[in-house]
Amino acid sequence: MDKTTKKSVEYGLSSYKDEDEGVVSEVRLKRNYSPLTILSMAAVLMATWEALSSTMVSALVSGGPVSLFYGFIVAFIGAVATAASLGEMTSMYPTAGGQYHFVAKLAPKKWQYILSWLTGWIGTFGWVAFTASAPFLAATMVQGLITLNSESYVFQRWHGTMIYWALLLGSGMMNIWGTRLMALIEDASLIIHIVAFIVVFVVMWVCAPVKHSASFVFTLFQNNSGWSSDGVSWSIGMLSSCYVLAGYDGAIHLCEEMLNPAVSVPWCMLGSLVINGVMGFAFLLAILFCMGDMATALNSTTGFPIIEIFKSVTGSPAAATAMTCTLIVTASLATIPLMASTARMFWCLARDKAFPFSKQLSKVSKKDRVPIWSVATVFVFLFILGFVNIGSTTAFNAILSLAVFGLHVSYMLPVIFMFWRRLCTPEILTYGPWKLGGFGVPVNIISLAKTVVSTIPLNCLGDIAFNPPLSPLRQPAIAKGHINKGAKIHFKLKDTGPGWFTTANSSDDSSYVFAFSDHNGTQASGPSGTWCIGFGYNGQLMDKKDYKHIIDRFHDAIHPTANVEAYATHDWMNDPYTKGAWACWGANCASRFLQELQKPHGRVIFATADWADRWRGFVDGAIERGQQAVKNTIAVLKNTSRSSL
Ligand SMILES: Cc1cc2nc3c(=O)[nH]c(=O)nc-3n(C[C@H](O)[C@H](O)[C@H](O)COP(=O)(O)OP(=O)(O)OC[C@H]3O[C@@H](n4cnc5c(N)ncnc54)[C@H](O)[C@@H]3O)c2cc1C
C-alpha cells in the first residue's frame, strides 16, 4: 500500500482523497440500506441450512452423526465469538474493507502494511470462492433433480456450468442496475429463506416414515474418512459446519451503505448468525432423525443425499422435487448479496490502490453510486471459474474449499492482533460504541482456539461435561480414577542429626510407609534441627488437622524419640482440583485404559501426567505428555488446513 493508503487507513476510510490527481474527491457509496436490509443480506448470503444440505456429506463421512451434531455446536460457538470480536473492531473502524483495515490499525507497525495487504487479498479471494459456491450448488441441484425425474438424462458438467453462468448473469445485473430494488428483494429473500425452512422442516418431521433413535443421532461415530485418527477425522468433519456458518462479515463489507454502522453492523452479524444457527441446527436434527438409511442417502445417484432423503421421507419424487426447489431458489437468491459483498471488498482494495487497475476498479456509478467496475470484475472471475468446472468438478470443488480457508484466515488475523493489543497496549485502543468490555479477552480466545489442551487430572475429569461425550471406554476409567489416597507430610524435628531412611513395619497397621531426613537447615543459617518427609499409607492420614494422630503414629512407626516441632501437609483428597495425591493406578487399569486416555478427543488434547507412558504421576510424565500435546496440536492444525470440503 502506498502513502495515500496509509493516510486513508489512518482515517478509517469513510472518505478517500485522490491526491494523485491533485484534487480532493470523495469516493463514497450511497447509504441506501437500512439495518434490516443489511441483516437480510447477511442472513440470506450465509444460507446455512441450505448449504448444510450439501456440506453434510463431508461430516457424515468423516465422523457420522456425532461429527455433524457436535461439530455444528462447536463451530457455532466459535463463529459467535469471532463475529463479536469483528463486530467490536467494526465499531472502532467502520469501513467496507473490514478485516484488512483492522489489521492495518492493530498489527505491529513494522508488519502492518504487508499483513494488511495479505489479509485483504486472502479474504477477497476467499469471498470469490464463497460466492461461487451458492450458484454452483443451485446449478448442480437442478441437474440432480433432472436425474431424479428423467432416467434418460445424461449428466454433463457443462450443463451445470451453463446454469451457473445464467445465475451469475442475473445476480450481476441485479447488482449493477437493480440497486433501487435491492432492499425490497433482500427483505423478501429473508422471508423466503425462513418460510422455506419452516415448510421443509415440518414436512420432514411429519412425513418421515421411521425416525432414528436418539443414540444414533447423539452417539454414533463412524470414521470413513481414510484418516486413522478419529480426532483428525472429526475435525475435518467439522469443516462442514465452519463453512455453513461463515460469511457473516458480509455485513461489514456493506457497512458504508448504511446509517450508523458502528452499532448496526455488529448486531447484524450476530443477528444473521443466530437466525442461521437456529435454523441450521433444527434442519440438522431433522436430517439426522429422518434420513433413513445413511448409506443409501450417501450413494444417491442424484449426487445429493438430501434429494434422496426428501424422496424417502415423502415417498414421492414430485414432493422431493418441490422441496429441493426451495433450496435452489434460496441458493440462487443468496448469489445476489454474495456478489455485492465481494464487489465491495474489491472496490475497497482498489480504493486503497492494492490492485492493478485500481483507479478504474474504485470508480462508482454517477447515478446510484454503485461500484460497477468491481461488480463486473467479480463477475468475470466467477465466470472464469465456471470453465474450471467444465474441465474438472474436483478442481472446481478444490477452489471452493479455499473459501473456508480464506475467510477464516481473514477472521483470525485481526482477532489475534486485537487480542494482543488488548493485553499489551490497551491504551492505544479507542473503542467504538459497541464493545465487549470484560468479555473481550475470553471472546477473542474462543474465536481463536483451534485446539484446547487439557491438563485436568484423571480424578477431576468427571467434573467436566464434554460435547460430544468422551468415548465409552474413557467412562469407566474416569469412574474408577486413580487410587492414591496417600499423604506426604513434611516434619521439622528439634534435634540435628545425620541423615536417615526408615521403612515402617508393614506387619502391623502402620499409618506410614516410610520416611527420610532431607536436610538440617539452610546453608545461610547453618545446621538447625532436621527436616524430614514422611509418606502415609492409603487413607491412613486423611485429617491433616489431627496433629495428635499424625505425630503419635510417626513416633510409633518411624522415629520413637523424635521431638516434632512442626509439620506441614495438604489435604489432597478433599482438594476439588486434585481429588487424590499423585496418580497411582489400580490393578489392570493401565492395560485397559492407558491408550484410550492418551488419545485426543476431537480438538481437545490431553496432556496430564496421570496417563504418561513413563514416570506416570510425576513431573517428568507431565513434561512427556506436554511434548506429545504439542505434536498432536500441530498435526490437527496441519490436517485441518490441508483438508477440503
Ligand atoms: C503430594 C505430592 C507430591 C508429589 N511429589 C512429586 C515429586 O517429588 N516428584 C515428581 O516428579 N512428582 C511429584 N508429584 C506429582 C506431580 O506433582 C504431578 O504428577 C504433576 O504436577 C502433574 O502435572 P500435570 O500438569 O499433569 O497436572 P497438574 O499440575 O496437577 O495440573 C492440573 C491443573 O488442572 C486444574 N484443574 C483441576 N480440575 C479442574 C477443573 N475442573 N477445571 C479447571 N481446572 C482444573 C488444577 O487446578 C491444576 O492446576 C507429587 C504430587 C503430589 C500430590
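Going along each chain's sequence as written, the residues are numbered from 1 onward. With pLDDT at 70 or above as the cut-off, local features in this predicted model cover only qualifying residues; side-chain atom pairs require 80 or more to be listed or tallied, and sums for whole chains, interfaces and linings still use all residues. Side-chain measures here rest on the full set of heavy atoms in the structure, leaving out hydrogens and waters.

Peer 1: Describe the overall build of the protein chain, naming the residues involved and giving the relevant values.
Peer 2: Here a helix means four or more residues in a row that DSSP labels H or I, a strand means two or more in a row labelled E, and each is numbered from the N terminus. In terms of helices and strands, the protein chain carries 23 helices and seven strands. Seen along its three principal axes, the alpha-carbon backbone of the protein chain occupies a region of about 100 × 70 × 40 Å. With 645 residues in all, the protein chain has 54% of them scored as buried. Two residues form a contact once any of their heavy atoms are found within 4.5 Å. A separation of at least 24 residues holds for 77% of the contacts in the protein chain among residues at least 6 apart in sequence. Of the roughly 27,800 Å² of accessible surface on the protein chain, a fraction of 64% belongs to carbon and sulfur atoms. Type-normalised accessible area, obtained with a 1.4 Å probe on protein chains alone, sets the label of each residue: buried when under 20%, exposed when over 50%, and partly exposed for intermediate values. Only the protein chains shown count as cover for residues, with accessible areas throughout obtained via the Shrake-Rupley method and a probe of 1.4 Å.

Peer 1: I'd love a proper account of unusual backbone geometry, names of residues and values included.
Peer 2: You will see that Phe357, though not glycine, has its phi angle at about 55°, which is positive. Looking at the element boundaries, Phe357 is found in the loop between helix 15 (317-351) and helix 16 (358-361). Judged by relative accessible area, which is 70%, Phe357 ranks as exposed. Despite not being glycine, Asn588 shows a phi value in the positive range, around 70°. Within the secondary structure layout, Asn588 lies in the loop between strand 6 (564-568) and helix 22 (589-598). Assessed through its relative accessible area of 59%, Asn588 is described here as exposed.

Peer 1: Report on the site of the ligand, specifying residues and quantitative values.
Peer 2: Proximity is defined per residue: if any heavy atom of the residue lies within 4 Å of a molecule or strand, that residue is considered near it. Around the ligand, a shell composed of 17 residues is seen, among which Thr455, Trp572, Ala609, Gly617 and Val619 lie nearest. Any N or O atom pair separated by 3.5 Å or less is treated as a polar contact, with the protein-specific requirement of one donor-capable and one acceptor-capable atom, and with residues adjacent in sequence counted only for side-chain atom pairs. Backbone polar atom of Val619 to an oxygen atom of the ligand: 2.8 Å apart, as the coordinates give it. Counting residues per element, the shell around the ligand draws most heavily on helix 23 (residues 619-642), which supplies three residues. Of the residues that constitute the shell around the ligand, the class distribution is twelve nonpolar, three polar and two charged. Residues are sorted three ways: Asp, Glu, Lys and Arg are charged, Ala, Val, Leu, Ile, Met, Phe, Trp, Tyr, Cys and Pro are nonpolar, and all the rest, Gly among them, are polar.

Peer 1: Could you give me a rundown of the sheet that holds strand 2 (residues 487-493), with the residues and numbers involved?
Peer 2: The sheet built from five strands is open, its strands ordered 3-4-5-2-6 with antiparallel pairing. Pairing within the sheet leaves two strands with one partner each, and these edge strands are strand 3 (501-503) and strand 6. Pairs of neighbouring strands in the sheet enclose a mean axial angle of 20°, with direction left out of account. One ladder, built from three bridges, connects strand 3 with strand 4 (residues 512-519); its direction is antiparallel. Looking at strand 4, one finds that Phe501 is bridged to Phe516. Any two strands with at least two DSSP bridges between them are considered paired. Axis definition: a line fit to C-alpha positions, over the contact stretch in the case of helices; interaxial angles, taken between N-to-C directions, run 0 to 180 degrees.

Peer 1: Report on the pairing of strand 5 (residues 530-536), specifying residues and quantitative values.
Peer 2: Counted residue by residue, strand 5 has six buried out of seven residues, so it is predominantly covered. Pairing geometry for strand 2 and strand 5, over seven bridges, is antiparallel. Bridging from a neighbouring strand, Lys488 pairs with Phe535 of strand 5. When strand 4 meets strand 5, the two strands line up antiparallel, connected through six bridges. Looking at strand 5, one finds that His519 is bridged to Trp531.

Peer 1: Tell me what's going on with the domain arrangement of the protein chain, and back it up with residues and numbers.
Peer 2: Marked domain ranges trace back to an automatic or database domain assignment. Entries for the protein chain in the domain assignment read domain 1 (3-449), domain 2 (458-481 + 582-642) and domain 3 (487-568). Each of domain 2 and domain 3 was reduced to a C-alpha centroid, and the two centroids are 35 Å apart.

Peer 1: I'd love a proper account of the packing of aromatic side chains, names of residues and values included.
Peer 2: Only Phe, Tyr and Trp rings are paired, with Trp represented by its six-membered ring, and only when their centres lie within 6.5 Å; those with planes under 30 degrees apart are stacked, over 60 edge-to-face, the remainder tilted. Counted under the stated rule, the structure contains 39 aromatic pairs. When the centroid spacing of 6.4 Å and the interplanar angle of 50° are considered together, the rings of Phe491 and Tyr512 count as tilted. Note that Phe491 is positioned in strand 2 and Tyr512 in strand 4, a separation of 21 residues in sequence. The same class applies to Phe491 and to Tyr512, which are both buried. Put simply, the rings of Trp49, Phe69, Tyr70, Phe72, Phe197, Phe201, Trp205, Phe218, Phe281, Phe283 and Phe289 touch in pairs and so form one group of aromatic residues. Here, a charge over a ring is recorded when the distance from Lys NZ or Arg CZ to the ring centre is within 6 Å and its angle to the ring normal is within 35 degrees. Just above the ring of Trp531 sits the side chain of Lys492; from NZ or CZ to the centre is 4.9 Å. Of note, Arg616 hangs over the ring of Trp585, and the distance from its end group to the ring centre comes to 5.2 Å.

Peer 1: So what's going on with the nonpolar core? Residues and values would help.
Peer 2: To qualify as a nonpolar core, a set must consist of buried Ala, Val, Leu, Ile, Met, Phe, Trp, Tyr and Cys residues joined through side-chain atoms within 4.5 Å. Ranked by internal contacts, the top residues of the largest apolar core, which has 116 residues, are Leu86, Met204, Tyr248, Phe283 and Ile306. Membership of the second largest hydrophobic core comes to 28 residues, among which are Phe136, Ala139, Trp347 and Phe396.

Peer 1: Describe the packing of helix 3 (residues 48-63) against helix 8 (residues 179-207), listing the residues and the values that go with them.
Peer 2: Think of two packed helices as two axes; the pair is described by the angle between the axes and how far apart they sit. It is the contact of helix 3 with helix 8, at a shortest axis distance of 10 Å, that shows an interaxial angle of 50°. Relative to helix 8, the element helix 3 lies oblique. Mapping the contact onto sequence places Thr48, Trp49 and Glu50 in helix 3 and His193, Ala196, Phe197 and Val200 in helix 8. By residue class, the composition of the contact of helix 3 with helix 8 is four nonpolar, two polar and one charged. For classification purposes, angles smaller than 35 degrees are called roughly parallel, those larger than 145 roughly antiparallel, those between 65 and 115 roughly perpendicular, and all remaining angles oblique.

Peer 1: Explain empty space enclosed by the protein to me, using residue names and the numbers behind them.
Peer 2: Using only the protein atoms, space was sampled on a 1 Å grid; points where a 1.4 Å probe fits but cannot get out form cavities, open sets with protein on both sides within 12 Å along at least five of seven lines form pockets, and lining residues are those with an atom within 4 Å of a point. Grid points are joined across faces, edges and corners, and a volume is the space filled by probe spheres set on the points. According to the stated counting rule, one finds three cavities of 30 Å³ or more in the structure shown. What the largest cavity holds in volume is close to 60 Å³. Considering the residues around the largest cavity, the lining is formed by 13 residues, among which Ala487, Leu541, Thr569, His570 and Asp571 are closest to the centre. No other element matches strand 2, which puts three residues into the lining of the largest cavity. Classifying every residue of the lining of the largest cavity gives seven nonpolar, three polar and three charged. Its volume calculated, the second largest cavity comes out at about 40 Å³. The wall of the second largest cavity is formed by Leu458, Ala477, Lys480, Gly481, Trp585, Cys589, Phe593 and Leu597. Counting only elements with at least two residues in the lining of the second largest cavity, the list comes to helix 20 (474-480) and helix 22. Here the lining of the second largest cavity takes three residues from helix 22, the largest share from any one element. For the lining of the second largest cavity, the class distribution of residues is six nonpolar, one polar and one charged.

Peer 1: Go over the side chain of Glu50, please, and point to the residues and values.
Peer 2: With respect to the helices, strands and loops of the structure, Glu50 is situated in helix 3. We score Asp and Glu as negative and Lys and Arg as positive, and we do not count His or the chain ends. Counted as salt bridges are all cases of a side-chain nitrogen of Lys or Arg within 4 Å of a carboxyl oxygen of Asp or Glu. One buried charged side chain, Glu50, makes no salt bridge at all; its nearest oppositely charged neighbour is Arg344, positioned 21 Å away. The residues contacting Glu50, other than those within four sequence positions of it, are Leu137, His193, Leu327 and Thr330.

Peer 1: I'd like a rundown of the confidence of the model for the protein chain, residues and numbers included.
Peer 2: Confidence per residue, as judged by the predictor, is encoded in pLDDT with a range of 0 to 100. Mean pLDDT over the protein chain: 86, with 93% of residues reaching 70 or higher. Counted against residues more than four places away or in other chains, residues 1-26, with its pLDDT under 50, gives 44 contacts. Of the regions scoring below 50 in pLDDT, residues 641-645 engages in ten contacts with residues more than four places distant in sequence or in other chains.

Peer 1: Describe the pattern of salt bridges, with residues and values.
Peer 2: Considering all chains together, one arrives at twelve salt bridges under this definition. Among the salt bridges present, the one from Glu308 reaches Lys311, with a minimum N-O distance of 3.9 Å. Here Lys311 and Glu308 lie together in helix 14 (residues 305-314), a separation of three residues that amounts to about one turn. A relative accessible area of 16% means that Glu308 is categorised as buried.

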